[in-house]
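Structural features, examined
The residues making up each chain are set out below.
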Amino acid sequence: MGSLLRSPSSFGVKRIAIIGAGPSGLAVAKYIMAEKAFDKIDIFEQQYDQLILLFLFCIFNFLSPD
């Protein structure tokens, strides 16, 4: 992964919001978490009920011992 061009601390930003928890939003969240650039990351999703179902589907299908 690359790194941020400027340190977010130079702006005084400690929190960030990501709009949309689709593939791009989750990829950005993962990247930002790996960089440890912010204290708090909020992800907003309009269709959160479908996101929860997808999350549960993935957990039960990929983590269940068969």
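That block above? That's the structure.
Presented here is an overview of the structure given in this document.

**Concerning the overall build of the protein chain**
Helix and strand counts for the protein chain stand at two helices and two strands. By residue count, 15% of the 66 residues in the protein chain fall in the buried class. When contacts within the protein chain are restricted to residue pairs at least 6 apart in sequence, those whose partners lie at least 24 apart make up 61%. Counting every atom, the protein chain has about 5700 Å² of accessible surface; 64% of that belongs to carbon and sulfur.

**Looking at unusual backbone geometry**
Note: most peptide bonds trans; most residues except glycine with negative phi. The backbone phi angle of Lys-36 is positive, close to 50°, even though this residue is not glycine. Within the secondary structure, Lys-36 is located in the loop between helix H1 (23-35) and strand E2 (40-44).

**Let's talk about the pairing of strand E1 (residues 15-19)**
Relative to E2, E1 runs parallel, the two being bridged by five bridges. Residue pairing for E2: Ala-17 is matched across the bridge by Asp-42. For the segment spanning E1, H1 and E2, crossover handedness is right-handed.

**A closer look at a nonpolar patch on the surface**
A grouping of Tyr-48, Ile-52, Phe-55, Leu-56 and Phe-60 is seen on the molecular surface, where their side chains present a nonpolar patch of about 570 Å² in accessible area. Looking at the element boundaries, Ile-52 is found in helix H2 (residues 48-62). Classification of Ile-52 by relative accessible area gives partly exposed; the value is 45%.

**Brief notes about the pattern of salt bridges**
Under the definition given, this model contains two salt bridges. Salt-bridge contacts for Asp-42 lead to Arg-15; the nearest nitrogen and oxygen are separated by 2.9 Å. Taken together, the residues Asp-42 in strand E2 and Arg-15 in strand E1 connect sequence positions 27 residues apart. The class for Asp-42 is buried, based on a relative accessible area of 19%. Between Asp-42 and Lys-40 there is a salt bridge, and its shortest N-O distance comes to 3.9 Å. One salt-bridge network, in which partners are shared between bridges, spans Arg-15, Lys-40 and Asp-42.

**Points about the side chain of Asp-42**
Polar side-chain contacts of Asp-42 include one of 2.9 Å to the side chain of Arg-15. Ignoring sequence-local partners within four residues, the contact set of Asp-42 consists of Arg-15, Ile-16, Ala-17 and Ile-18.

About the thresholds
- Residues numbered from 1 in each chain as written.
- Predicted model: local features only at pLDDT ≥ 70, side-chain atom pairs only at ≥ 80, totals over all residues.
- Heavy atoms only, no water.
- Helix = DSSP H or I, 4+ residues; strand = E, 2+ residues; numbered from the N terminus.
- Buried < 20%, exposed > 50% of the residue type's maximum accessible area, 1.4 Å probe, protein only.
- Contact = heavy atoms within 4.5 Å.
- Areas by Shrake-Rupley, 256 points an atom, 1.4 Å probe, with all protein chains shown as cover.
- Pairing = 2+ DSSP bridges.
- Right-handed = clockwise from strand over helix to strand, strands pointing away.
- Patch = residues over 30% accessible without salt bridge, like charges linked within 9 Å, V, L, I, M, F, W, Y side chains within 5 Å.
- Salt bridge = Lys/Arg side-chain N within 4 Å of Asp/Glu carboxyl O.
- Polar contact = N/O pair within 3.5 Å; in protein donor to acceptor, adjacent residues only side chain to side chain.

So, to be careful, I would describe these as geometric facts and stop short of saying anything about function.
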